[in-house]
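Geometric and topological summary
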Amino acid sequence: MIARLRRNLRELGLGGAIARLARQAREGIVREDAIALLKDLDEIVAPKRPGGLRVEDMEKRHLPGLSKVNRRRGVPHADRYFETSLAKGFHGFVAYDGDELVGYYWWVDSESDPPHPDMWVMGADFAIEPGDVYGSSLFLLEEHRGGGAANDFLYKIECSLRDRGYARIWGYVDRTNRAARWLYSTRGYRPMWNIVHRRFLFFKSRKTAPLGEGGAR
Amino acid sequence: MSVAADVEKFIVEEIALGTRVESIGHDEDLLAQEVIDSLGITELVGFLESSYGIEVGDDDLLPENFRSVNSVVAFVASKKG
């Protein structure tokens, strides 16, 4: 618990850590159901409608643009998290519509040290193998969604990772996020197992179960 | 109108807006043609639930249930029992 408090302070700053704690206290025990996904990068289908997004590797110079996105999302405390994630060596992509930064995506590979914190959700036995990546937090500003924009962004991400020699992408999607589930399923992401995770303040737990089972072990 | 005609009309007029799709064959592959994107699927599900009184679960959003107008019709029929 102390270690997590320290990490929150380091990554979010005092204001951000207090805001997170207050938000978590208000939320009570939160249960989220998710599905682990796997995509083979030798099966990338190009969108029929060519998209207009320009995708670049995330770098420190993108932080001001990402900060604007975080404010428009109503999560300004995420700025610190983005800064520390880049400092830790986590990788990312940013999407531009013209000159405007409108989206992002995080990813790590097997050499990431420390591992990406979101990977904890995937289960106790989960580890990225060499040649695989773990991707998370695909996001596009709401006014830039539709018309296949998310499909275009994900397609360009997949191509970029494949061109670097990676073979597979792991990740997870919230069970109730219908738009995201549709996007991933139509892009060939296969459901692998179910996940139930719960959190309250500093406490969190997660269970995994094979597909088709109602609960999670 | 039949369910198939209703679904086709909704897709053409609400989801495929701006894609120059004016009609859809009822066996046409909507996924291959990218007629239904990730926002469109949520609109279509809302339409099906309100029009036919069915409840579409999160796990029902499988490509095979929405691959064509006829797939959607079969899905609605299965939900109505």
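In what follows, the structure referred to is the one given above.
So, here's what we can say about the structure. The structure presented is a predicted model; accordingly, all values stated were derived computationally and were not measured.

Topic: the pairing of strand 3 (residues 91–97) of chain A
All names here are of chain A.
- In terms of burial, strand 3 is a largely internal element, five of the seven residues being buried.
- Bridge analysis of strand 2 (residues 54–57) against strand 3 gives four bridges, and the strand direction is antiparallel. The partner of Asp57 across the bridge, within strand 3, is Phe93.
- Of the pairings in the sheet, the one linking strand 3 to strand 4 (residues 100–109) comprises seven bridges and is antiparallel in character. Looking at the pairing, Val94 lines up with Tyr104 of strand 4.

Observations regarding helix 3 (residues 78–87) of chain A
All names here are of chain A.
- In terms of burial, helix 3 is a largely internal element, seven of the 10 residues being buried.
- Turning to helix 3, its buried residues are Ala78, Asp79, Tyr81, Phe82, Thr84, Ser85 and Leu86.
- Phi turns positive one or two residues past the end of helix 3, at Gly89, with a value near 95°.

As for the packing of helix 1 (residues 3–15) of chain B against helix 3 (residues 69–80) of chain B
Residue and element names in this part refer to chain B.
- At a closest axis distance of 9 Å, the pairing of helix 1 and helix 3 adopts a crossing angle of 125°. In terms of axis orientation, helix 1 runs oblique to helix 3. Two packed elements cross with a definite hand, and for helix 1 against helix 3 that hand is right-handed. Contacts from Val3, Ala4, Val7, Glu8 and Ile11 of helix 1 reach helix 3 at Val69, Val72 and Val73.
- When grouped by side-chain class, the residues that make up the contact of helix 1 with helix 3 number seven nonpolar, no polar and one charged.

Here we look at the pattern of salt bridges
- Evaluated as defined, the whole model comprises 20 salt bridges over all chains.
- Across the pair Arg71 of chain A and Asp79 of chain A runs a salt bridge whose closest N-O atoms are separated by 2.5 Å.
- In this structure Arg71 of chain A comes out as partly exposed when scored by relative accessible area, which is 47%.
- The class for Asp79 of chain A is buried, based on a relative accessible area of 18%.
- Asp58 of chain B is the salt-bridge partner of Arg178 of chain A, the closest N and O atoms lying 2.9 Å from each other. Here Asp58 of chain B lies in the loop between helix 2 (38–52) and helix 3 and Arg178 of chain A lies in helix 5 (residues 178–186), a pairing that spans two chains.
- Residue Arg178 of chain A is classed as buried on the basis of its relative accessible area, which comes to 18%.
- Looking at Asp58 of chain B, the relative accessible area reads 22%, which means it is partly exposed.
- Connected via shared salt-bridge partners are Arg54, Glu56, Glu59 and Arg61 of chain A.

A short note on the environment of Val12 of chain B
- As for its position among the elements, Val12 of chain B is in helix 1.
- Separated by 19 residues in the primary sequence, Val12 of chain B and Leu31 of chain B have C-alpha atoms spaced 14 Å apart.

Topic: the layout of surface pockets
All names here are of chain A.
- One number sums up the size of the second largest pocket: a volume of about 330 Å³.
- Only strand 1 (30–40), helix 5 and strand 7 (190–200) provide two or more residues apiece to the lining of the second largest pocket.
- Broken down by element, the lining of the second largest pocket gets its largest block of residues, three residues, from helix 5.
- By residue class, the composition of the lining of the second largest pocket is 10 nonpolar, three polar and six charged.

So, how was this worked out
Residues numbered from 1 in each chain as written. Chains lettered and ligands numbered in written order. Predicted model: local features only at pLDDT ≥ 70, side-chain atom pairs only at ≥ 80, totals over all residues. Heavy atoms only, no water. Buried < 20%, exposed > 50% of the residue type's maximum accessible area, 1.4 Å probe, protein only. Helix = DSSP H or I, 4+ residues; strand = E, 2+ residues; numbered from the N terminus. Pairing = 2+ DSSP bridges. Axes fitted to C-alpha atoms, helices over the stretch in contact; angles between N-to-C directions. Parallel < 35°, antiparallel > 145°, perpendicular 65-115°, else oblique. Left-handed = near helix turned anticlockwise from the far one by under 90°. Contact = heavy atoms within 4.5 Å. Nonpolar A, V, L, I, M, F, W, Y, C, P; charged D, E, K, R; others polar. Salt bridge = Lys/Arg side-chain N within 4 Å of Asp/Glu carboxyl O. 1 Å grid on protein atoms, 1.4 Å probe; cavity = no way out; pocket = protein on both sides within 12 Å on 5 of 7 lines; lining within 4 Å. Points joined across faces, edges and corners; volume = space filled by probe spheres on them.

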